[in-house]
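Inside the fold
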Amino acid sequence: MADKLKKVSIGNYIPGLLICLVVMLAGIYGADLIGILLLAAGILPEGSASPISGIFVAILIGIVIRNTVGLPDLFSKGISFAVKYALRAGIILLGLRLSLTEALKLGAWGLPLIVACISVGLFVTLFFTSKMKQSNRLGTLIATGTGICGVTAIMATAPVIKAKENEISYAVANITIFGLLGMLFYPYLAHGFFADEPIKAGLFLGTAIHDTAQVTGAALIYDQMYESDTVVDVATITKLTRNLFIIAVIPFVSYLFFRNGNKNGQKTILPKWYKLFPLFILGFLFLSLVRTIGDATVSSTGQAFSLFSPEAWESFYSFWSSFGSTYMLGLAMAGVGLGTNLKIFKGLGIKPFYIGLIAAVSVGGVSLLLISLFGDLITV
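Predicted model only: the values in this text are computed from it and were never measured.

Right, let's get into the overall build of the chain. A tally of helices and strands in the chain yields 16 helices and zero strands. Intrachain contacts of the chain at a sequence separation of at least 6 include 80% that bridge at least 24 residues.

Moving on, we come to the packing of aromatic side chains. Counted according to the given criterion, the structure contains 18 aromatic pairs. Taking the centre distance of 6.2 Å and the plane angle of 10° together, the rings of Phe308 and Phe316 count as stacked. The exposure class assigned to Phe308 is partly exposed, which follows from its relative accessible area of 33%. Considering the side-chain rings of Trp313 and Tyr317, the 5.6 Å spacing of their centres and the 70° angle between planes classify their relative orientation as edge-to-face.

Moving on: the side chain of Thr157. Looking at where Thr157 falls in the secondary structure, it is placed in helix H8 (residues 151-161). Assessed through its relative accessible area of 0%, Thr157 is described here as buried. A polar side-chain atom of Thr157 sits 3.3 Å from a polar atom in the side chain of Thr144. Setting aside anything within four residues of it in sequence, one finds Thr157 in contact with Thr140, Leu141, Thr144, Ile250 and Val253.

You can see Ile55 is positioned in helix H3 (residues 54-67). Placed 273 residues apart in sequence, Ile55 and Met328 show a C-alpha to C-alpha distance of 9.9 Å. Not counting the four nearest positions on each side in its chain, Ile55 is found in contact with Val151, Met155, Ser325, Leu329, Gly330 and Met333.

Glancing now at helix H4 (residues 76-94). When the terminal C-alpha atoms of H4 are compared, their 27 Å separation across 19 residues agrees well with the 27 Å that a helix rising 1.5 Å per residue should span. By the largest-angle criterion, Ala82 marks the main kink of H4, which is about 30°. Among the residues of H4, those classed as buried are Gly78, Ile79, Ala82, Val83, Ala86, Leu87, Gly90, Ile91, Leu93 and Leu94. Next to the buried residues of H4 lie helix H2 (14-40), H8, helix H14 (279-301) and helix H15 (310-338).

Bringing H14 into the picture now. Taking 1.5 Å of rise per residue, the 23 residues of H14 would be expected to cover 33 Å, and the 32 Å separating its terminal C-alpha atoms lies within 8% of that figure. Just downstream of H14, Gly302 is the residue with a positive phi angle, here 90°.

Attention now goes to the environment of Arg66. With respect to the helices, strands and loops of the structure, Arg66 is situated in helix H3. Note: C-alpha distance between Arg66 and Asn341 (275 residues apart in sequence) is 6.8 Å. Apart from residues lying up to four places away in sequence, Arg66 is in contact with Gly337, Leu338, Gly339, Thr340 and Asn341. A distance of 3.3 Å separates a polar atom in the side chain of Arg66 from the backbone oxygen of Gly339.

Right, let's get into the pattern of salt bridges. Counted under the stated rule, the structure contains two salt bridges. Residue Arg291 is joined to Asp295 by a salt bridge in which the shortest nitrogen-to-oxygen separation is 2.8 Å. Remark: Asp295 and Arg291 occur in helix H14; sequence separation between them is four residues, near one turn of the helix. Accessibility classification places Arg291 together with Asp295 in one group, the buried group.

This brings us to the packing of H2 against H3. At a minimum axis separation of 7 Å, H2 and H3 run at an interaxial angle of 125°. By the angle between their directions, the pair H2 and H3 is classed as oblique. Between H2 and H3 lies a crossing whose hand is right-handed. Between H2 and H3, the contacting residues are Val23, Met24, Ala26, Gly27, Ile28, Gly30, Ala31 and Ile34 on the first element and Gly54, Val57, Ala58, Ile61, Gly62 and Ile65 on the second.

On to the nonpolar core, then. In terms of nonpolar packing, the biggest core is built from 111 residues, with Leu141, Ile168, Phe204, Leu205, Ile246 and Met333 touching the most fellow members. At eleven residues, the largest contribution of residues to this core is made by helix H9 (residues 165-193). Those residues in contact with Met333 that lie beyond four places of it in its chain are Ile55, Ile59, Leu87, Met155 and Ile168.

The next thing to look at is the environment of Leu184. With respect to the element layout, Leu184 can be found in helix H9. Expressed as a C-alpha distance, the spacing of Leu184 and Gln214, which sit 30 residues apart in the sequence, is 8.9 Å.

Scored by pLDDT, the chain has a mean of 83; 89% of the residues are at 70 or more. Mean pLDDT in the chain bottoms out at helix H1 (residues 2-11), which sits at 57, and peaks at helix H10 (residues 198-208), which reaches 92. Across residues 4-8, where pLDDT falls below 50, the model places zero contacts with residues more than four positions away in sequence or in other chains.

The next point concerns unusual backbone geometry. The phi dihedral of Lys133 is positive, around 55°, even though this residue is not glycine. Residue position: Lys133 is located in the loop between helix H6 (107-131) and helix H7 (136-149). Positive phi is not limited to glycine here, since Phe305 has a value of about 55°. Within the secondary structure, Phe305 sits in the loop between H14 and H15.

Residues Ile10, Ile14, Leu18, Leu21, Leu25 and Tyr327 make up a contiguous nonpolar surface patch of roughly 530 Å² in combined accessible area. Element by element, the count of residues in the nonpolar patch is highest for H2, at four residues. Among the secondary structure elements, Ile14 is positioned in helix H2. On the basis of relative accessibility, which here comes to 44%, the residue Ile14 falls in the partly exposed class.

Calculation notes
- Residues numbered from 1 in each chain as written.
- Predicted model: local features only at pLDDT ≥ 70, side-chain atom pairs only at ≥ 80, totals over all residues.
- Heavy atoms only, no water.
- Helix = DSSP H or I, 4+ residues; strand = E, 2+ residues; numbered from the N terminus.
- Contact = heavy atoms within 4.5 Å.
- Phe/Tyr/Trp six-rings, centres within 6.5 Å; stacked < 30°, edge-to-face > 60°.
- Buried < 20%, exposed > 50% of the residue type's maximum accessible area, 1.4 Å probe, protein only.
- Polar contact = N/O pair within 3.5 Å; in protein donor to acceptor, adjacent residues only side chain to side chain.
- Expected span 1.5 Å × (residues − 1).
- Bend = angle between axes of the 7 residues up to and from the residue.
- Salt bridge = Lys/Arg side-chain N within 4 Å of Asp/Glu carboxyl O.
- Axes fitted to C-alpha atoms, helices over the stretch in contact; angles between N-to-C directions.
- Parallel < 35°, antiparallel > 145°, perpendicular 65-115°, else oblique.
- Left-handed = near helix turned anticlockwise from the far one by under 90°.
- Core = buried A, V, L, I, M, F, W, Y, C linked by side-chain atoms within 4.5 Å.
- pLDDT = per-residue confidence, 0-100.
- Patch = residues over 30% accessible without salt bridge, like charges linked within 9 Å, V, L, I, M, F, W, Y side chains within 5 Å.
- Areas by Shrake-Rupley, 256 points an atom, 1.4 Å probe, with all protein chains shown as cover.

Structure below.
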């Protein structure tokens, strides 16, 4: 009898998971198609990946399905499971993408630059969220997305502060739009300020643009226009180093969220400190350390952990980090889209987009200023 109940219980999740899978695959295909069209139009240089995340397209497709044909209750359990557990698994696997040794390449002045830009992104966003009397949850999501690593940071923060589906969707749309604008225009701005200084140009692109794919796209545009491989390398290292700060920033902004809620009389209970540091972030950190140790042993002995050849090791971490970022997070965000009712957006209005614009411009401005003043001290 117990086995029968267990089978029935598992079966209740299958329809929702299947529709999330279909929407995720459609999102990946849609994003790739957009990239192909942009390449054909000459907007992107050869070798660029699509600047539109499959995650973002999956959210849009999910929203369209939810708000046109609708979804019966049959799908609800599987969708909720994807949003909760596929999300955490995806973020944990992302740890394999980031090596701590990459951060050391920026030197003593590169890291303070990244910290300064992250801090501006966080505090400017939270300040204007308060001044414009917007949702504290939504402001927190936009703050982490602007300050750290775009969509991934939003998704990592959302479960900690118990964000709603419409808030997640709004924040992702916000970050995607301003990140795309930065990708298209910042390469020319970088060249205007740092024409013969590729390290400074790469630092600017890596600190001023939100999402990793968009940073890469901007760097490739710069390389195509001005023939500088160095910009691509520096921008990539800078962005990956910036992504590592997710480990510290997520608990910090979560603390600010709960503390500010109490100050504003919203009856939010500040969790114990260890609950502000979610287990999936610990998993992310653990796999990042695994990646770091594996890279270090490849450099010292020629084999990762004395077991894997350099090619096998690269294949291993590339596969699993890509699986996490593309499929697990895609499954989760398909669920977010499928759970988002557009009627709820009426209460959010246009002001959060103004907040995202102010934050994006502030981060870019601070990056330009600090690189202009101290960029000569940074070596990569």
